[in-house]
Every structure is written in structure tokens, then in C-alpha cells.
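Reading the structure
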Amino acid sequence: MTHYKICLWIAVCTTLFLWTSLGYTQGPTAPSNVVAKDTPNDDGTSITITWDVPADGSGIVGYNILSSIDEADFTQIGEQLSLEDVIDTKTNICNYQDTTVSRLNAFTYIIQAVTESGDTIQSQQTESVRPKAQIFHTGKIPLFLAMLLFSAAIVGNIYYVRSGREVFVRRIPGLEAVDEAIGRATEMGRSILYVLGLGGVSNVATIASMTILGQVARRTADYETPLRVPCNDPIVLNVVREMVKTSYLDEGRPDAYSEDNIFFLTESQFAYAAGVDGMMLREKPAAIFLQGTFYAESLILAETGNSIGAIQIAGTDSEAQLPFFIAACDYTLIGEELYAASAYLSKEPMLLGSLRGQDWGKLFIFGLIIVGVILELSGINWITTLLQNVR
Amino acid sequence: MKRQIPLALCFLFGVVMIFTQFSPHPVSKSIYERVISGALIIGPFALVLATITLIQTHINRIQRRTEHWGYSFVVFAGLITMVAIGVPFGPENPVFVWLYTNVQVPMDATMFSLLAFFIASAAYRAFRARSTEATLLLVTALIVMLGNVPVGDLIWNTILSWTGFENQASAARGWILDNPNLSARRGIILGVSLGVISQSIRIILGIERSYLGGGD
Amino acid sequence: MLTRIVNMDRRYVFILVALAVIIPMLFSVSLPVSISQPTQNLYDYIENLPAGSTIMLAFDYGPSSLAELNPMARAILIQCFRNDIKVIALTLYADGTTLASTLIKEVAEEAQAVDGEDYVFLGFRPGATQVILGMGTEIAGVFETDLSGKPLSEIPIMKNIVNYDQIDLLVDLASSATPDAWIIYANVQYGLKIGAGVTGVMISQMFPYLQTGQLVGLMSGILGAAEYENLVDVPDKGMQWINVESFVHLLIVLLVVIGNIAYLIQREREES
């Protein structure tokens, strides 16, 4: 009896010991909290599966992802994944994006944990998910709002100016000198050379430059001063011809317009610079306009113009070329002044309004920068985080 | 109508292309890809247009015997030679490569090298200590110029080695480019970017029409 | 005399510059080059790519800037072939085709790299922005063949390359605004990593991108080329020309200093 009791006692103790030790061992367990969801903000070509990170010492070295299409048999997707492949260190969650899916089917997943010894433990199967394509990318909401706000500021200001209200535009010396330059050329009986730079017709600086050219052409039509425009882009050439012709027509001087004065030189950067330099040295224009997009040829053009004593008005949004123009030209329109030029010269309410809206946008950015800096210095960084997350 | 159709097309494509930037939907993606493929076709057309325009311009010059019209024959000689070799035999043809290496490369390089001469003369004229700001610009320019070449560090390490710091000319140049230069540049970039957006909105809404050749 | 110095005829400056270029070329001068961080970053990035990775090399320059950018291209190609990194080369410049093709062949021959297996040159397509955007969807949609006319599907190196997703880095060697276009359209839209090598006049334009991390590294002008040649340990034209450039810079500094001394003395005299 005593022996029997002792044996029973030992058996109970051993069972208890084994049971408790098994409970506390970090042995391999099935992946938990496995959830499959349609990947947000995509074109419906992926499903994201997430599950808990395995406990330390669990012995799990990797995972297999099994999927079933429309409740058919489960098959493995690709190769076995290592822990580094799936653990997101920021969120401390395992995740996998299945990009083999199609919007026509529903998918179910099982995550299979693989141990060092090669054994596998499977999770519960997830609920069935069908990938969907999103119409709007929610991560881009701040960008979308900023775009709407800025557009509204421009359109609102256009209406504001159209209602007859005055808008103050600060003096831009480079643009005020346009009349002086044209007058000088007329007095000297020499031509005016207008260089649009190397930009194509889709380039915003070229478009701004063409608008200034339109205004310059109106004045040269009045004064009957020859206006020479060598072009670098054939599409720009055709637009410019049309534009200058319209300006001459508007001023009632179609007879003074000569198509030969607006011509195509070459698309090659330095051959173009050589051609324009040659014109400067041969024809000695009294005024030179260098307006648009320029690259390394900027100083070659500006210095040659300087050497012949022409009055030079430059303007570009290519920031790297600004120092060259400032050093060699009489007046330089810096960056956005070039875009403001069309509004400044024409005084058209629509353009003046958009200029005012542009200033509002700038004011908003300045405010954001100042508030951001103050908050950042005070240890609050939500503005910085928000801006960093805008894509 | 001549203006209305292009303006309507510009508005339509402008709005649709903006929308594609905010939508990951396959329809939006497909529209975006189609527009880009369409735009790709414009490139070769522009090249053809350039060639035709070049030929027209020089034929006009020859016909009208304008000043220096004889050089137009040089243009045609160059054009015909390069096309006659380049088109059938490709740009890797030895004759084409020879012409490229011995004609185009030296001519282009000559024009680019003029920059060194012009930078020197412009720097000599512009960098004058006329005011405090101009002096600041002058000193900064000298530091960057010296820091940009190994001789700057060599001078520093030879003359100022007693300071215990090495290669400070290039370090100073790096600091100037990284800080004052960057701050000023960012200011200009912000202004320019807003200007570009504003100009684009004006074009999409049909307010800015200069790209159509002026007039209403 | 002072007035003559202050208003020195530009032709004297030109003669001095020419002499400052020619004289050092006649004598072999070698100055030590220290490596700047942006160049080191680009080198390290490529160096740390595993063998078999693919980089895209854009030869976005013409013959005018060949002196500054060819040494960079050469050094990068040497590093790639040495590390078994595949190179897909292309150009957005019509007159960059022959230049790029000649250089690639030359370096490949020295490194015994095989066309189609270690590198491929796709050539030129017009319309820079559209080409960059188009390749984001499908490279073969923009370049159906390589320069020799071989379909991309038949080129071993292009076997698993569809778009930017399979490209580990793009290095743009540029003489104009193409790095901006690559950053705006390929990096921002498609997440392609970008490094650049640019001409001296463009350096300051690139620094904002370096600070934001949109450029992994940058080679600046002939100095950048010399630094890179030093890093790959194949000194060539870059090292040779940076020494010449040193003398020109030194001359300009001297001229500016002399001009200012003369100007200040003249002003002093006028005031007194």
C-alpha cells in the first residue's frame, strides 16, 4: 500500500513537473493573430497578411505562406521566408504582401512556422479576402488638400482682381528696363536679340519667356525696331512665329513683321551658343533679352553680349545660372520673377490675380516653416512627421 | 474653334493627369500609361520637324541670298554626310565615329571650354569689394574656388598646419555649399516651384494661352 | 596704371588662363586629392551592392562636357565590372550615343566584360521626361532593342528586368537638368535610388537633393572624377586634369585679389 502510494505520488509529481515545465518553455507555437486584409491604396493587386512576432527562443527560423484560391487546396507561395524578410521592426509585427493575387478571386491564407529542425506548425486559416482597387490614395490627402487650397487661392484672387480691385505689384527693375532697352535700340538703329533659352514648349520658363516676347514684340512693332529670335526648338519656333505675328497684327503693323527674323538655329546646346554668339558679334544688337531656361551656355552668351556693349536683360529659373547672369547682365529676373513678368507687363487682371494667389501660397509655406521650426524646437514634431509622410 | 479645341484638350488632359497622381486604380494607371506612351511619340516628331525646319530655313537663305548665305551649303554638307553614314550604318560605324570624334567633339568642346575664359573675365570684373555684401560674396567665392581644387587643401596644410586641422579649405567649401548656399537655393526653389504650379494652373484653366501662339 | 589694372582688357585675362592651362600640362604635376563625402557615399553605395545587382548608367551629356564626365563614367564602369554588377546604359542625348558606346566598349574590353551578359547599351530615345516615365512601367516599352538592334527579350542581362523595380541604382552623368528629371519622375514616382555625376557649373544645384537623401551620392565636376578614380584606384584623366584646374583656380584667385587691391588703392586716392 505504502509502495503504491509512493509510486502514485511520484507519478503525480512527474506529471505536474512535466506539465509546468512545458508551459514555461519557449517552444514553437503556431503563428497567432493571423489576419489577411486587402492592401490599402493599391491597384487591387495585393493582399497583406499580418501575424504576431514569435517569442524569443521559440526556435522558429522562418515561415511558409500557404494560400488557397476560391477555397481550393492550399499551396505554398514562393520560397520559405526568413524572419528578417517578414518582421517589420518599426511596428514589431510580421507581415507579408502577396502580390500574386487577382481581383477576380477570393484568397485564404495559412502561415506555416518552420523550426530549426525543419518541423512546421500551422496557424488557423484566415478569413477569405478579395483584393480591391482603390479609387483614391488616402496617403495623398494632405497633398490633395494643399493642391485644392492653392488652386482655390489662385482662382479666388483672379475673381478678386477681376472685380476691379487694385493689386500692388512691387517694382521689378528688369521689367521696367524693357522700354529703355527697346528705346535704346531704336535710337541707335540696331536690332534687338531675343533668346528663349534651351527649354521646350512644355517648359514653364519657356512659356513665361514667350509671354514676355509677346509684349516686347508689341513695342518693337510700334517702334519698327527689328526683332531677331533664334530658336533652339522647332516647336517653340512655330509657336513664337505665331505669337510675334499676332503682336504685330494687334499693333496694326503686319507689314513690319518678317518671318525670316524668327528662325531655327540648332537643337545642339553649344552649337546654338556658337550661332547666337556669332549673331551678336556680327549684328551688334543694342539690346539682348536672355529669358527662359539656360544651362552652361548662359555665361558664354551673356559675356559675349557684355563685350559688344549691349543692354542685357536676363531672366531664368535655372538657379545655377543666376550668378552668371547677375555678373554679366544689366538686369536679371530671378526665378519666379520670370513667371511674374507676363502679369507685370500686361497688367491683365487674370494674370495679376494668379500672382496674388501665388503670394498667398508663399505666405502659407512661410507660416508653416516658422510654426514647424518653433514646434520642433519645443520638442513637438507632428508637423515634421506629417510633412515627411506626404508622398 | 481654332483655340477652343486645344484649350479644351489641355484642360481635359491636365485634370485627368492630376487625378491619375491621386488614384492607384488600374483604370487611372492605364490612362496614365497611355498618355505617357502618346507623349513618347512627340519626341521623334519633334526631331523630324527640326530637320524639316532646318532645311527650310537654309533653302530660304540660299534662295534669297541673305547675308552669309554661302554657309548654308556647309550646313547641308554636314547634314547629308552624317545622315548618309549614320542612318544606314548606325552610330557605331567607324566612319561615323571618326567624324564624330574629330569634328563634333572638338567643336563642341571648344565652345564649352570658352566658359573657363569667360568665368575668369566675369569673376575679375564682378568680384570687387564695393560694399560689405560684395566683400562677403568675394570672400565666399575665393574660399569655394580654392576648396574646389586640391591646391586649396595643399595651401592650407602647408601654411596653416600649425592649427592642427587638415584639409580645411575643402571642408570650408563643403560647409558653404551645404549651409548658406543651400538655404538661399531652397528659398529660390520654393518660389520657383510655386510659380510653376501657378503657371500650370493658369495653363490648365486656359488663362495663360501664350503656348497657342498668342491672341485670344 | 591702376586704372588699367582695374579695367584690364578681358583678352589679357584670356591669355593668362590659356597659359595656366597649357604650362601645367607640359609638366607632370600631381597634387594630393582628399575624398569628399558625397563622392565617398556614391562609391560606398555601389561597393556594397551584392554581386549580380543591376545599375542603370545614364550618359546624359554631349561631347562638350566629355572632359568632365567621361572620366566619371570610366571609373564607375570599372568599379561595376570589377564587382560583377550588371550595367544597363542609355542616353537621353542624341549626340551622347556615339560617345557612350565608344567608352563602354573601351572599358568593357579592358575589363573583359561581355556585351549582353555584363552590360547592355540601349542607346537614345527622344523626349527625356516621357522616356524616364515610360521605363517606370516597362523598359522594353521604351527601348524595344539595344543599340545594335537586338530585341531586349533576347539579351541575357535583361531577362529578369522589367522596370525600375529590378534596378538597384541609377547613376546619371549629366551636363544639364536631367538629374532633376530623374529625381522628380523616377525617384519620387517609382522609388528608384539615384546617384549623380555632374559638371562643375551644376554642383550647387544638386546639394538640396543630397541633403534630402534623394541622391545617394554625387560626383562634382572634374574634382569628383578625380576623387572617384582615386577610390577605384585607377588614376586617369580626372587626376590629370584636376591638377591643371588647380592652377586655373589659383590664377583666378590671384587676379581677383590683384584687381581688388588696385581697386581699393584707386578708391582711396579718389576719396583723398
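Residues numbered from 1 in each chain as written. Chains lettered and ligands numbered in written order. Predicted model: local features only at pLDDT ≥ 70, side-chain atom pairs only at ≥ 80, totals over all residues. Heavy atoms only, no water.

**Structural notes on the sheet that holds strand β4 (residues 75–82) of chain A**
All names here are of chain A. Spatially, β4-β3-β7-β8 is the arrangement adopted by the four strands of the open sheet, whose pairing is antiparallel. If you trace the sheet from one side to the other, it starts and ends with β4 and β8 (120–122), each paired once. In this sheet, neighbouring strand axes are inclined to one another by 25° on average, regardless of whether the strands run parallel or antiparallel. In terms of strand pairing, strand β3 (residues 60–69) meets strand β7 (residues 107–115) through nine bridges, oriented antiparallel. Its bridge partner being in β7, Asn64 is matched across the sheet by Gln112. (Pairing = 2+ DSSP bridges. Helix = DSSP H or I, 4+ residues; strand = E, 2+ residues; numbered from the N terminus. Axes fitted to C-alpha atoms, helices over the stretch in contact; angles between N-to-C directions.)

**A few points about the interface of chain B and chain A**
Listed by partner, the interface residues are 57 residues for chain B and 69 residues for chain A. Both faces combined, the contact of chain B with chain A buries some 5200 Å², and carbon together with sulfur accounts for 70% of it. The largest contributions to the chain B side of the interface with chain A come from Phe22, Met111 and Leu194 of chain B, which together make up 13% of the buried area. Linking chain B with chain A are four salt bridges, by the criterion used here. The shortest N-O distance in the salt bridge between Asp43 of chain A and Lys29 of chain B comes to 2.9 Å. On the surface where chain B and chain A come into contact, there are 11 residue pairs in polar contact (both at pLDDT 80 or more). Considering every element that reaches the side of chain B that touches chain A, the biggest residue donor is helix α8 (residues 180–204) of chain B, with 16 residues. Its residues placed into classes, the side of chain B that touches chain A shows 32 nonpolar, 16 polar and nine charged. (Contact = heavy atoms within 4.5 Å. Buried area = accessible area lost by both parts, 1.4 Å probe. Salt bridge = Lys/Arg side-chain N within 4 Å of Asp/Glu carboxyl O. Polar contact = N/O pair within 3.5 Å; in protein donor to acceptor, adjacent residues only side chain to side chain. Nonpolar A, V, L, I, M, F, W, Y, C, P; charged D, E, K, R; others polar.)

**Considering the interface of chain C and chain B**
Taken together, the contact pairs 63 residues of chain C with 53 residues of chain B. Between chain C and chain B the total buried area reaches about 5000 Å² when both faces are included, carbon and sulfur atoms providing 69% of it. Two residues, Lys105 of chain C and Glu92 of chain B, come together in a salt bridge whose shortest N-O distance is 3.1 Å. Sorting the residues of the side of chain C that touches chain B by element identifies α1 (2–6), α2 (10–26), α4 (66–82), α5 (97–111), α6 (128–137), α8 (178–190), α9 (203–212) and α11 (237–271) of chain C as the ones contributing at least two each. Sort the elements by how many residues they give to the side of chain C that touches chain B and α11 of chain C lands first, with 15 residues. Classifying every residue of the side of chain C that touches chain B gives 34 nonpolar, 23 polar and six charged.

**A short note on the packing of helix α3 (residues 37–47) of chain C against α4 of chain C**
All names here are of chain C. Contact geometry of α3 with α4 gives a least axis separation of 10 Å together with a crossing angle of 25°. Here α4 runs roughly parallel to α3, going by the angle between their axes. Viewed along their axes, α3 and α4 form a crossing whose handedness is right-handed. Of α4, the residues touching α3 (which contributes Leu42, Tyr43, Ile46 and Glu47) are Ile76, Gln79 and Cys80. (Parallel < 35°, antiparallel > 145°, perpendicular 65-115°, else oblique. Left-handed = near helix turned anticlockwise from the far one by under 90°.)

**Description of the pairing of strand β6 (residues 93–98) of chain A**
Residues and elements named next belong to chain A. Residues Cys94, Tyr96 and Asp98 of β6 are buried on one face, while the alternating residues Ile93, Asn95 and Gln97, pointing to the opposite face, are not. Note: strand β2 (residues 47–52) against β6, six bridges, orientation antiparallel. Across the sheet, residue Thr48 finds its bridge partner in β6, namely Gln97. Pairing geometry for strand β5 (residues 87–88) and β6, over two bridges, is antiparallel. Bridging across to β6, Ile87 finds its partner in Cys94. Between the end of β5 and the start of β6, which pair antiparallel, lie four residues, with Asn92 showing a positive phi angle near 55°. (Buried < 20%, exposed > 50% of the residue type's maximum accessible area, 1.4 Å probe, protein only.)

**Section: a nonpolar patch on the surface**
A grouping of Leu363, Phe366, Ile369, Ile370, Val373, Ile374 and Leu377 of chain A together with Leu190 of chain B is seen on the molecular surface, where their side chains present a nonpolar patch of about 800 Å² in accessible area. Broken down by element, the residue count for the nonpolar patch peaks at seven residues, all from helix α11 (residues 349–377) of chain A. (Patch = residues over 30% accessible without salt bridge, like charges linked within 9 Å, V, L, I, M, F, W, Y side chains within 5 Å. Areas by Shrake-Rupley, 256 points an atom, 1.4 Å probe, with all protein chains shown as cover.)

**A look at the domain arrangement of chain A**
The domain boundaries assigned to chain A delineate domain 1 (28–122), domain 2 (138–164 + 351–389) and domain 3 (173–347). Distance between the C-alpha centres of domain 1 of chain A and domain 3 of chain A: 63 Å. (Domains from an automatic or database assignment.)

**Some details on the nonpolar core**
With 74 residues, the main nonpolar core has Leu290 of chain A together with Met135 and Trp182 of chain C as its most contacted residues. If we ignore the near neighbours within four places in the chain, the residues touching Leu290 of chain A are Val195, Leu301, Ala302, Gln312, Ile313, Ala314, Gly315, Phe325 and Cys329 of chain A. One finds Leu175, Leu237, Val240 and Leu333 of chain A within the second-largest nonpolar core, a separate group that totals 52 residues. (Core = buried A, V, L, I, M, F, W, Y, C linked by side-chain atoms within 4.5 Å.)

**Comments concerning the packing of α8 of chain B against α9 of chain C**
In the contact formed by α8 of chain B and α9 of chain C, the axes pass within 9 Å of each other and the chain directions differ by 95°. As the angle between them shows, α8 of chain B and α9 of chain C are arranged roughly perpendicular. Touching Asn181, Leu182, Arg185, Arg186 and Ile189 of chain B of α8 of chain B are Ser204, Gln205, Phe207, Pro208, Gln211 and Thr212 of chain C, all from α9 of chain C. A breakdown of the residues in the contact of α8 of chain B with α9 of chain C according to their chemical character gives four nonpolar, five polar and two charged.

**Side note on the pairing of strand β9 (residues 192–197) of chain A**
Residue and element names in this part refer to chain A. Among the six residues of β9, six are classified as buried, and the element is accordingly described as predominantly covered. Note: β9 against strand β10 (residues 227–231), two bridges, orientation parallel. Considered in β10, the bridge of Ile192 is made with Leu227. Of the crossover connections in this fold, the one passing from β9 over helix α5 (residues 204–223) to the parallel β10 is right-handed. (Right-handed = clockwise from strand over helix to strand, strands pointing away.)

**Let's talk about the sheet that holds strand β12 (residues 287–293) of chain A**
All names here are of chain A. Taken in spatial order, the six strands make up an open sheet running β11-β10-β9-β12-β13-β14, and their pairing is parallel. In this open sheet, the two edge strands, each paired with only one partner strand, are β11 (262–264) and β14 (331–334). Averaged over neighbouring strand pairs, the angle between their axes works out to 15° when direction is ignored. Note that β9 and β12 share five bridges and pair parallel. Bridging from a neighbouring strand, Leu193 pairs with Ile288 of β12. Docked against the sheet, α5 engages β9, β10, β12 and β14, running at close to 165° with respect to β9.

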